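# Summary of the model geometry
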There are 2 protein chains.
Amino acid sequence: MRTRFHQGLDDLKQKLLAMGGMAEQAVERAVQAFQTRDVSVCEIVLRDESKINAAERDVDEMSIDLLAMQQPMAVDLRFIVSCIKINADLERVGDQAVNIAERVMDLATHPDPGLNIDIPRMAQLSISMVRDALNAFLSADVDLAQSVLERDDLVDNMNREIFEAVNVAMRNTVGTHRNLLDILVVARNLERVADHATNIAEDVIFWVRGADVRHHAQR
Amino acid sequence: MRTRFHQGLDDLKQKLLAMGGMAEQAVERAVQAFQTRDVSVCEIVLRDESKINAAERDVDEMSIDLLAMQQPMAVDLRFIVSCIKINADLERVGDQAVNIAERVMDLATHPDPGLNIDIPRMAQLSISMVRDALNAFLSADVDLAQSVLERDDLVDNMNREIFEAVNVAMRNTVGTHRNLLDILVVARNLERVADHATNIAEDVIFWVRGADVRHHAQR
C-alpha cells in the first residue's frame with residue numbers, strides 16, 4: 001500500500017514535468033512565430049492549448065487521488081499541495097503562449113515597425129525561469145528557486161525598457177500604432193510567464209521551509 | 001474529532017471569504033485612485049499588499065492542517081483543494097491592484113489624455129466577477145459560476161475596445177504617449193482580474209462536478 005503511494009508520487013512528478021515541457025514548448029513556439037511572423041505556427045499553439053488544459057486536469061486528479069489514497073505524511077502532503085499550485089501556474093504559462101500567438105496573428109497583417117527590442121532574449125529568460133523553477137521543485141533546491149526570484153527583476157527591467165522604446169517609437173511614428181501596441185502586449189505576456197515562474201519558485205521555498213525536505217530527498 | 005474538522009472547514013470558508021474581501025477592496029481602491037489620481041490611495045494599496053500575502057499563507061496552512069487532520073471524505077478533499085487553488089487566484093487579484101496603483105502613480109505625473117473610455121465600468125464588472133465566483137464556490141452554485149464565465153467575454157470586449165480607442169488616440173496625439181500606454185496597461189490589469197475570476201469559476205464547476213455537492217450542502 002505504501003509502495004503504491006510512492007509509485008503514485010513518482011507518476012505525479014513525471015506528469016507535472018511533462019506538463020511543464022508542454023507549457024515551455026508552447027511559449028517557445030509562440031516566440032518563434034513572433035520572429036518569423038509565421039501564422040501556421042500560431043495555429044499549432046492554439047490547437048495544442050486543449051492538450052495542456054487536459055494535462056492540468058490529469059495532474060489535479062492524480063493529486064486528489066493521492067491525497068485520498070491514505071493519510072499522507074506531512075512532507076508528502078505539502079509536496080502534493082505544491083504540485084496542485086504549480087500545475088495551475090504551468091497551465092497559465094500555456095495561456096500566455098496562446099495570447100502571444102493571437103498577437104502574432106494580428107502583427108502578421110501589419111508592417112513590421114522595425115523596432116530594436118529583444119523579445120527573443122526576454123522569452124529565453126522567462127522560459128528558463130519556468131524550467132528552473134520546476135527543476136527546483138523536483139529536486140527541492142531552494143538556491144535554484146532563489147535564483148529564479150532574482151531573475152524576475154531582470155525580466156521586469158526588460159519589460160520597462162520595451163515600454164519606453166515603444167513609447168519613443170510611437171512619438172516618431174505616423175499612421176497606425178497597432179503593431180507597436182501588439183509588441184508591447186507580447187512583452188507583457190512574457191513578463192507574465194516570468195511571474196508564473198516566480199510564483200512556482202515561491203511555492204518551492206514555502207514547501208521546503210514548511211516540510212522536512214531532507215527526509216523527502218533521502219527517502 | 002469529526003466536529004473539530006467541520007469547525008475547521010467553516011473557519012477555512014470564513015478566512016477565504018475575508019481574503020476575497022481584501023482582494024476586492026484593493027482593486028476598488030486602485031480604481032478609485034485611478035479616477036481621482038490620488039497617490040495617497042495608491043500608497044494604501046501598496047502598503048496592504050503584505051496583508052493579502054499573509055492571508056494567503058494562512059489559508060494554505062489551514063488547508064494543509066485540515067488535510068493532515070484526518071482522512072477527509074472525497075467531497076471535503078475536493079473542497080479543500082479548491083480552496084487552495086482559489087486562494088492563489090485571490091492573491092493575484094491583489095497583485096493586479098498593486099500593478100494598477102503603480103500605474104496611477106505614473107499617470108499622476110502626466111497630463112490627463114481625456115480619453116473617453118470607461119475604466120470604472122470595466123473595474124466594476126471585473127470585481128463583481130470575483131465576488132460572484134467566490135460566492136458561487138461557497139454556495140456550490142454552478143449557475144452563478146457559469147454566469148461568471150459568460151461575463152468574461154464582456155470584459156475581453158471592453159479590453160479590445162480600449163485597445164482600439166488608445167490606438168486611435170495615439171494617432172491623433174503629438175508628444176508623449178506614456179499616459180495612453182498607462183491606461184492601456186490598467187485595462188489589461190483589470191482584464192487579468194476578470195481572468196482570475198474566470199479561473200475561480202472554472203474551479204467551482206470542476207469541484208461541483210467532481211464531488212457529490214448536494215451531500216456537502218445538506219450536511
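Notes on the structure in this doc start here. (Residues numbered from 1 in each chain as written. Chains lettered and ligands numbered in written order. Predicted model: local features only at pLDDT ≥ 70, side-chain atom pairs only at ≥ 80, totals over all residues. Heavy atoms only, no water.)

### Let's talk about the relation of the copies chain A and chain B
What counts, and what does not: To superpose the copies, least squares is applied to the C-alpha atoms of every residue with a pLDDT of at least 70 in both. Throughout, a contact is declared for two residues whenever any of their heavy atoms are within 4.5 Å.
Turning chain A through 180 degrees and shifting it by 0.0 Å along the axis lays it on chain B, with an RMSD of 0.0 Å. Accordingly, the operation relating the two chain copies is best matched by a two-fold axis. Closest to the rotation axis within chain A is the C-alpha of Gln-71 of chain A, separated from it by 2.9 Å. By residue overlap, the copies meet face to face through one surface: 100% of the interface positions of chain A are interface positions in chain B.

### Topic: unusual backbone geometry
Residues other than glycine predominantly adopt negative phi, and peptide bonds predominantly adopt the trans conformation. Residues and elements named next belong to chain A. Our working definition: By the criteria applied, helices consist of DSSP H or I runs no shorter than four residues and strands consist of E runs no shorter than two, each listed in order from the N terminus. Exposure categories follow from relative accessible area, calculated using a 1.4 Å probe and restricted to protein chains: below 20% of the type maximum is buried, above 50% is exposed, and the middle band is partly exposed.
Residue Arg-37 is not a glycine yet carries a positive backbone phi of 55 degrees. Position of Arg-37 among the secondary structure elements: in the loop between helix H1 (2-36) and helix H2 (39-69). Exposure remark for Arg-37: the relative accessible area of 22% places this residue in the partly exposed category. Phi is positive for Ala-140, which is not a glycine, with a value near 50 degrees. Residue placement: Ala-140 occurs in the loop between helix H4 (119-138) and helix H5 (142-171).

### Observations concerning the interface of chain A and chain B
Operational definition: A simple way to read buried area is as the amount of 1.4 Å-probe accessible surface that goes missing from two parts once joined, with both sides added. When a carboxyl oxygen of Asp or Glu is within 4 Å of a side-chain nitrogen of Lys or Arg, the pair counts as a salt bridge. Pairs of N or O atoms within 3.5 Å make up the polar contacts considered here, provided that, within protein, one atom can donate a hydrogen while the other can accept it, and that residues adjacent in sequence are counted only when both atoms are side-chain atoms. Each residue gets one label: Ala, Val, Leu, Ile, Met, Phe, Trp, Tyr, Cys and Pro are nonpolar, Asp, Glu, Lys and Arg are charged, and the others, such as Gly, are polar.
Taken together, the contact between chain A and chain B spans 39 residues of the former and 39 residues of the latter. A buried area of about 3,800 Å², summed over both sides, lies between chain A and chain B, and 54% of it is on carbon and sulfur atoms. There are 12 salt bridges connecting chain A and chain B. The salt bridge partner of Arg-192 of chain B is Asp-195 of chain A, with a shortest N-O separation of 3.9 Å. On the surface where chain A and chain B come into contact, there are 12 residue pairs in polar contact (both at pLDDT 80 or more). Looking at the side of chain A that touches chain B, the elements with two or more residues in it are H2, helix H3 (74-107), H5 and helix H6 (178-210) of chain A. In terms of residue count, the dominant contributor to the side of chain A that touches chain B is H6 of chain A (13 residues). Along the lines of polarity and charge, the residues of the side of chain A that touches chain B split into 13 nonpolar, eight polar and 18 charged.

### Here's the deal with the packing of H6 of chain A against helix H2 (residues 39-69) of chain B
This is how the line gets drawn: Convention adopted: a line fitted to C-alpha atoms gives each axis, helices being fitted over their contacting stretch, and angles between N-to-C directions are expressed from 0 to 180 degrees. Just so you know how the angles are binned, under 35 degrees is roughly parallel, over 145 roughly antiparallel, 65 to 115 roughly perpendicular, and the rest oblique. Note: crossing handedness is left-handed where the near helix turns anticlockwise from the far helix by less than a right angle, and right-handed where it turns clockwise.
Remark: H6 of chain A packs on H2 of chain B, axes separated minimally by 13 Å, with the N-to-C direction vectors making an angle of 50 degrees. Here H6 of chain A is positioned oblique relative to H2 of chain B, judged by the angle of their axes. Crossing of H6 of chain A over H2 of chain B shows right-handed handedness. In this structure, H6 of chain A uses Glu-202, Asp-203 and Phe-206 of chain A to contact H2 of chain B, whose residues at the interface are Arg-57, Asp-60, Glu-61 and Ile-64 of chain B. Of the residues in the contact of H6 of chain A with H2 of chain B, the class split is two nonpolar, no polar and five charged.

### Let's talk about H5 of chain A
We count it as follows: Here, expected helix span is obtained from the residue count minus one, scaled by 1.5 Å.
The terminal C-alpha atoms of H5 of chain A lie 45 Å apart, and with 30 residues this matches the ideal 44 Å at 1.5 Å per residue to within 8%. For H5 of chain A, the capping residue at the N-terminal end is Asp-141 of chain A, with a side-chain oxygen 3.1 Å from the backbone nitrogen of Asp-143 of chain A.

### A word on the pattern of salt bridges
Under the defined criterion, the tally for this structure stands at 40 salt bridges over all chains. One salt bridge in this structure joins Arg-131 of chain A and Glu-28 of chain A, with 3.2 Å as the shortest N-O distance. Linking Arg-131 of chain A in helix H4 with Glu-28 of chain A in helix H1, this pair joins segments that are 103 residues apart in sequence. On the basis of relative accessible area, Arg-131 of chain A is assigned to the partly exposed category, the value being 33%. Here Glu-56 of chain B makes a salt bridge to Lys-85 of chain A, at a shortest N to O gap of 4.0 Å. Taken together, the residues Glu-56 of chain B in helix H2 and Lys-85 of chain A in helix H3 connect one chain to another. Given a relative accessible area of 8%, Glu-56 of chain B falls into the buried group.

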